[in-house]
Amino acid sequence: MPDFNLVAQPSASPTKCRFCGDFAGPMIDTRVDDPVYGRIYICAPTEQRTGCVGQIAQMCGLRSSADVDLLAAQVEDLQGRLDDLMRAKGTITLTWDEFIGLQRVLGENTAANGVGIFFDNVR
Ligand SMILES: [Zn+2]
């Protein structure tokens, strides 16, 4: 198995990514020296680029930590929305006038009619 190494900058000639030609590090140093080309580097992902390593990883089904963080935030948001829906299940939002009108229809003792009216966020 190759003994790859992550380096901040390529140091051996030609000091660039073998696939895209980018000179900026970080790079994976494959420690493979092609007799004609020289040392084979592959550019690593950064916040500014996916890099050839990142593209290869995505093709293999791997995700960056930024993608994982984004997915986790989306799951958290969806969980919050689901919690809101579960709390709102069986409740309705009424204006004060609508509430008074409903009370007239249902009578003063709404609990006797099997209807509970809760006063959360009455405006
Ligand atoms: Zn590259």
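Keep in mind the model is a prediction, meaning the values are calculated, not measured.

Undergrad: How should I be thinking about the overall build of the chain in this particular structure?
TA: Counting its regular elements, the chain contains three helices and three strands. For the chain, the sequential pattern of α-helices and β-strands runs β-β-β-α-α-α. Looking at the 123 residues of the chain, the share that counts as buried comes to 11%. Partitioning the intrachain contacts of the chain with sequence separation of at least 6 by distance along the chain shows that 33% fall at a separation of at least 24.

Undergrad: So what exactly am I meant to see when it comes to the nonpolar core here?
TA: What tends to happen in soluble globular proteins is that the nonpolar side chains get buried as a cluster. Judged by nonpolar contacts, Cys17, Met27, Ile28, Ile40, Tyr41, Ile42, Cys43, Ala44, Cys52 and Val53 together constitute the single largest core of 10 residues. Put simply, the parts of the chain that give this core at least two residues each are β2 (27-34), β3 (38-43) and α1 (51-59). Take this core: its biggest share by element is four residues, from β3. Those residues within four positions of tyrosine 41 in sequence are excluded, and the remaining contacts are Pro10, Lys16, Cys17, Arg18, Met27, Ile28, Asp29 and Thr30.

Undergrad: Sorry, what's going on with the sheet that holds β3 here?
TA: Sheet strands pair via backbone hydrogen bonds, and the direction of the pair is either parallel or antiparallel. Spatial ordering of the open sheet is given by β1-β2-β3, a layout of three strands whose pairing is antiparallel. Two strands in the sheet have a free side with no partner beyond their single neighbour: β1 (5-7) and β3. Neighbour-to-neighbour, the strand axes of the sheet open up by a mean angle of 45°, direction not taken into account. Here β2 pairs with β3 via five bridges, running antiparallel. Each bridged residue has a counterpart across the sheet, and for aspartate 33 the counterpart in β3 is arginine 39. Most of the contacts of α1 go to β3, to which it runs at about 60°, and overall it touches β2 and β3.

Undergrad: Whenever I open this one, unusual backbone geometry confuses me. Can you help?
TA: Most peptide bonds take the trans configuration, and most residues that are not glycine carry a negative phi. The linkage connecting serine 13 with the following residue, proline 14, adopts the cis geometry, with an omega of 10°. By the element assignment, proline 14 lies in the loop between β1 and β2. A cis geometry characterises the amide bond from glycine 25 onward to proline 26, with omega recorded as 0°. By the secondary structure assignment, proline 26 is in the loop between β1 and β2. Despite not being glycine, threonine 15 shows a phi value in the positive range, around 55°. Considering the arrangement of structural elements, one finds threonine 15 in the loop between β1 and β2. Its identity as a non-glycine residue notwithstanding, arginine 31 has a phi of 60°, on the positive side. Of the residues examined, arginine 31 has 13 C-beta atoms within 10 Å and is grouped as partly exposed.

Reading the values: the criteria
Residues numbered from 1 in each chain as written. Predicted model: local features only at pLDDT ≥ 70, side-chain atom pairs only at ≥ 80, totals over all residues. Helix = DSSP H or I, 4+ residues; strand = E, 2+ residues; numbered from the N terminus. Buried ≥ 20, exposed ≤ 12 C-beta atoms within 10 Å, placed from the backbone. Contact = placed C-beta atoms within 7 Å. Core = buried A, V, L, I, M, F, W, Y, C linked by C-beta atoms within 7 Å. Pairing = 2+ DSSP bridges. Axes fitted to C-alpha atoms, helices over the stretch in contact; angles between N-to-C directions.

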